[in-house]
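# Coordinate analysis (summary)
Residue-level listing of the chains:
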Amino acid sequence: AFSIWRSRDEILEKGGLTIRLLVGHLHDEDVLRCLQKDRPFSIIALFHSGLGCAFQHVVDPWRPSLPLLQDFVVADRSNLLATSWTREEARVEQSLLSQYLGIGVLKAKIFDNPFADDRDCDVESQPGVCPNRVAWWFSASESTAGEH
């Protein structure tokens, strides 16, 4: 396990698996350049993107990334893994992404994230609230959402 808080891009490789950790939004120039070069993907992961957050100043920076996410996930038939702070935030993310991915109503099963790390919690500002507490996924290739 490793902390997901990253301040720089990183590549992890082991046993034929390559994980590219990119800091930023999908539409950021440097992130987009890396993503375009490495297409198609097996999976795209959004770690606590904030898309389901009630605060618009958290959601708004992600909005320009949504059309790209639709292209990467649906057009490339990739998988999407998302982690969220809470189950409610995950439900809102699913609703928002349903619109952009064009998949109807997305109601993926929301799981407790077994990799959530209490070291990622900001206990001073929000006691008991931690990023990545729950996870859910969508598979465009199977048109299913977290059913396996």
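Shown above is the structure to which this text applies.
On a predicted model such as this, the values are computed, not experimentally measured, just so you know.

Note that strand β1 (residues 10–14) and strand β2 (residues 17–21) share five bridges and pair antiparallel. Paired with K14 across the bridge in β2 is L17. Taking the residues that link successive antiparallel strands as the turn, the β1-β2 hairpin has two residues, and the phi of G15 there is positive, at about 55 degrees.

The subject of this paragraph is the pattern of salt bridges. For the coordinates displayed, the defined rule picks out five salt bridges. The residue R87 makes a salt bridge to D112 at a minimum N-O spacing of 2.8 Å. Placement of R87 in helix α4 (residues 87–101) and of D112 in strand β5 (residues 111–112) is noted, with a sequence separation of 25 residues between them. Since its relative accessible area comes to 32%, R87 is described here as partly exposed. When the shortest N-O distance is used, the salt bridge between R91 and E88 registers 3.5 Å. You can see R91 and its partner E88 sitting in helix α4, three residues apart, about one turn around the helix.

Another aspect to go through is helix α3 (residues 66–75). If you check which residues of α3 are buried, you get L66, L68, L69, F72 and V73. For α3, the angular spread of the buried residues around the axis is 155 degrees, confining them to a single face. Along its buried surface, α3 packs onto α1 (29–38), β3 (43–47), β4 (79–84), α4 and β6 (134–139). Where α3 terminates, the next one or two residues include R77, which has phi positive at roughly 55 degrees.

Take the side chain of S65 next. Positionally, S65 belongs in the loop between α2 (56–59) and α3. Overall, the relative accessible area of 1% leaves S65 in the buried class. Those residues in contact with S65, other than ones at most four positions away along the chain, are H25, L26 and H27.

The next point concerns the sheet that holds β5. Taking strand neighbours across the sheet as the criterion, the four strands line up as β3-β4-β6-β5 in an open arrangement whose pairing is mixed. Bordering the open sheet on either side are β3 and β5, each of which pairs with just one other strand. By the bridge criterion, six bridges tie β4 to β6 in an arrangement that is antiparallel. By the bridge assignment for β6, N79 is matched with S139. Seen against the sheet, α3 touches β3, β4 and β6 and runs at an angle of roughly 145 degrees to β3.

Rules and cut-offs
Residues numbered from 1 in each chain as written. Predicted model: local features only at pLDDT ≥ 70, side-chain atom pairs only at ≥ 80, totals over all residues. Heavy atoms only, no water. Pairing = 2+ DSSP bridges. Helix = DSSP H or I, 4+ residues; strand = E, 2+ residues; numbered from the N terminus. Salt bridge = Lys/Arg side-chain N within 4 Å of Asp/Glu carboxyl O. Buried < 20%, exposed > 50% of the residue type's maximum accessible area, 1.4 Å probe, protein only. Arc of directions from axis to C-beta. Contact = heavy atoms within 4.5 Å. Axes fitted to C-alpha atoms, helices over the stretch in contact; angles between N-to-C directions.

This is a description of form; function is not addressed.
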